[in-house]
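As a plain string of letters, each chain reads:
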Amino acid sequence: MSRSHALFDQCYECGDKKFHNIWQAFDYQKQTGHFPQYRFDKEFIDSIKNIKRPKNLSHQYIKNLIVTSLKKLRSQHKYLRLALGGGTDSYSILKYCVKNDIYLDEVFTYMVSIDHNAVRSNIEYLPAINYAKQHVGTTIGQVSLLHPTIKDYECVFEKGWLKNPNYVRGSQLPGRITNAVSRWYNKTNFPLDESLTIFGLDKPHIQNIDGKMYWVQTDANIADIMGCKNALPLFFDKHNPELSVAMTYALLENSDTSMSFINYGSQTKDKRSKIITSMGLESTGHYYIDHHLLGKSMFDNQSIKSLRAKKELIKLNRKDIINAFKKTTYKCIKEYGDLPHALEIKNQISIKAVKRFSQKIPIYQHSFGS
């Protein structure tokens with residue numbers, strides 16, 4: 001199947017304009033007063049409306065739904081690629097492909113370090129990468145490790161780099177500068193118009209409004225692939241809506257539902273392990289990976305991976321890149337700090353865009369609403 005359009009459609013809608021970059025949308029908001037709304041894939045939204053709660057919410061049943069999607073996608077595309085982030089989501093997809101003889105033409109990971117031999121900076125990815133390498137020649141065609149280069153980092157010297165969708169999409173101010181998904185997912189020898197790139201970018205979320213539960217998604221992670229052609233976040237497959245619905249009910253039944261926003265990351269560590277299994281996924285076997293002890297941070301420039309990338313730049317005597325990134329941060333604070341619902345700012349050195357919510361779908365006892 002050959003495609004040239006975005007397989008999974010999402011954008012920021014601001015008045016009569018659509019954007020794949022929140023910083024462009026902020027500029028238009030300043031010009032017109034229109035508020036940037038997060039628009040999630042409409043076909044997917046329509047597909048989950050009125051879907052009944054599966055009678056079976058076992059780990060194996062939801063796992064089978066994931067495998068069903070993978071088998072169908074494999075049959076529909078000449079080349080199938082997996083973006084391997086190393087965490088439970090993409091690791092589970094990788095493992096299910098291997099165990100069910102679903103051939104992956106390419107498994108690829110965007111690494112932290114410029115140095116190809118660095119271990120500590122890339123340690124979060126290594127267990128999944130090593131597992132993938134064991135199956136090259138059978139269920140996997142090739143494993144590609146994509147390292148940033150100094151040239152990649154030097155985009156920070158370009159005027160308006162943060163507003164350039166070639167460098168940044170979604171709501172990111174990428175803490176490692178080069179780690180925006182749209183910059184590296186298409187670095188492949190396979191023709192993109194004949195390929196599908198699968199991501200395990202996010203799990204379903206739930207919003208609690210006055211005790212009533214709603215399926216919802218935010219732009220915090222999944223928006224990174226806005227406008228990326230032939231890219232699919234697997235757990236939001238519009239042709240297998242029962243998967244997302246089942247994962248949502250599994251989350252609901254194993255979480256602290258007193259919270260206003262319910263997702264994997266909002267739960268206590270003891271609940272997270274159960275949620276991973278209940279949503280049809282599997283542990284990586286490494287506590288520090290399952291619980292995001294190396295990768296996640298409220299502000300991306302403060303994550304351990306970002307700090308290690310910064311340390312490498314200092315070692316390479318490239319503080320000028322770090323300083324240019326700081327100037328970008330200061331400029332954002334100056335331009336958007338007073339814009340309503342735009343930035344969260346910490347100590348004038350760390351910022352992120354305030355998360356935006358998609359359309360909400362009511363969650364009832366026996367089915368989703370409309």
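Residues numbered from 1 in each chain as written. Predicted model: local features only at pLDDT ≥ 70, side-chain atom pairs only at ≥ 80, totals over all residues. Heavy atoms only, no water.

J.: Residues and numbers for the nonpolar core, please.
T.: Trp23, Leu94, Trp161 and Trp215 are the most contacted members of the largest nonpolar core, which has 95 residues in total. With 8 residues, helix H8 (residues 241-253) is the largest single contributor of residues to this core. What Trp161 contacts, discounting residues up to four positions off in sequence, is Cys155, Val156, Tyr167, Val168, Leu173, Pro174, Ile177, Phe325 and Thr328. In this structure, Ala83, Leu146, Val181 and Tyr185 belong to the second largest nonpolar core, which totals 11 residues. (Core = buried A, V, L, I, M, F, W, Y, C linked by side-chain atoms within 4.5 Å. Buried < 20%, exposed > 50% of the residue type's maximum accessible area, 1.4 Å probe, protein only. Helix = DSSP H or I, 4+ residues; strand = E, 2+ residues; numbered from the N terminus. Contact = heavy atoms within 4.5 Å.)

J.: Let's hear about the packing of helix H1 (residues 22-32) against helix H12 (residues 319-336): which residues, and what values?
T.: The N-to-C vectors of H1 and H12 enclose an angle of 30°; their axes lie 11 Å apart at closest approach. Overall, the two elements H1 and H12 adopt an arrangement that is roughly parallel. Crossing of H1 against H12: the hand is left-handed. In contact with Trp23, Phe26, Asp27 and Lys30 of H1, H12 contributes Cys332, Glu335 and Tyr336. Residue classes in the contact of H1 with H12 are distributed as 4 nonpolar, no polar and 3 charged. (Axes fitted to C-alpha atoms, helices over the stretch in contact; angles between N-to-C directions. Parallel < 35°, antiparallel > 145°, perpendicular 65-115°, else oblique. Left-handed = near helix turned anticlockwise from the far one by under 90°. Nonpolar A, V, L, I, M, F, W, Y, C, P; charged D, E, K, R; others polar.)

J.: Describe the packing of aromatic side chains, listing the residues and the values that go with them.
T.: Counting across every chain of the model gives 18 aromatic pairs. Relative to Tyr38, the ring of Tyr12 lies with its centre 6.0 Å away and its plane at 45°, an arrangement referred to as tilted. Here Tyr12 is found in strand S1 (residues 11-14), whereas its partner Tyr38 is found in strand S3 (residues 37-39), with 26 residues between them in sequence. Each member of the pair, Tyr12 as well as Tyr38, is classed as buried. Arranged with centres 5.8 Å apart and planes meeting at 50°, the rings of Phe44 and Trp215 form a pair that is tilted. Taken together, the residues Phe44 in helix H2 (residues 42-48) and Trp215 in strand S9 (residues 212-216) connect sequence positions 171 residues apart. Phe44 sits in the buried class, given a relative accessible area of 0%. An aromatic cluster of at least three residues, connected via ring pairs, comprises Phe8, Tyr12, Tyr38, Phe40, Phe44, Trp215 and Phe236. For the cation-ring pair, Arg53 lies above Tyr249, with the distance from its terminal atom to the ring centre recorded as 5.8 Å. Sitting above the plane of the Phe299 ring, Lys352 keeps its charged end 5.8 Å from the centroid. (Phe/Tyr/Trp six-rings, centres within 6.5 Å; stacked < 30°, edge-to-face > 60°. Lys NZ or Arg CZ within 6 Å of the ring centre and 35° of its normal.)

J.: Give me the sheet that holds strand S2 (residues 17-19): which residues, what numbers.
T.: Ordered in space as S2-S1-S3, the 3 strands form an open sheet in which the pairing is antiparallel. At either end of the open sheet lies a strand with only one pairing partner, and these are S2 and S3. Recorded for the sheet is a direction-independent mean angle of 35° between the axes of neighbouring strands. The pairing of S1 with S3 spans 3 bridges and is antiparallel. By the bridge assignment for S3, Cys11 is matched with Arg39. (Pairing = 2+ DSSP bridges.)

J.: Account for the environment of Leu94, naming residues and giving values.
T.: Turning to its location among the elements, Leu94 is positioned in helix H4 (residues 88-99). For the pair Leu94 and Leu84, spaced 10 residues apart in sequence, the C-alpha to C-alpha distance is 7.9 Å. Residue contacts for Leu94: discarding those within four places in its chain leaves Leu82, Leu84, Leu104, Val107, Ala128, Tyr131, Ala132 and Ile140.

J.: Describe unusual backbone geometry, listing the residues and the values that go with them.
T.: At Asp101, a residue that is not glycine, the phi angle is positive and equals roughly 55°. Inspection of the secondary structure puts Asp101 in the loop between H4 and strand S5 (104-110). Exposure remark for Asp101: the relative accessible area of 64% places this residue in the exposed category. Its identity as a non-glycine residue notwithstanding, Gln348 has a phi of 60°, on the positive side. Given the relative accessible area of 47%, Gln348 is considered partly exposed.

J.: An account of helix H5 (residues 126-133) is needed here, citing residue identities and associated values.
T.: Taken together, the buried positions of H5 are occupied by Ala128, Ile129, Tyr131 and Ala132. Projection of H5 onto a plane perpendicular to its axis shows the buried side chains occupying an angular sector of 160°, all on one side. (Arc of directions from axis to C-beta.)

J.: Give a description of the sheet that holds strand S10 (residues 231-233) that names residues and reports values.
T.: Across the sheet, which stays open at both edges, the 5 strands sit in the order S6-S5-S4-S7-S10 with parallel pairing between neighbours. A single partner strand is all that each edge strand has here, and the edge strands are strand S6 (140-146) and S10. Taken over all neighbouring pairs, the strand axes of this sheet differ in orientation by 25° on average, direction set aside. Across 3 bridges, the pairing between strand S4 (residues 79-83) and S5 is parallel. In the strand pairing of S5, Leu82 is matched with Val107. Of the strands in this sheet, S4, S5, S6 and strand S7 (195-199) touch H4, which is tilted by about 145° from S4.

These values are about where atoms sit, not about what they do.
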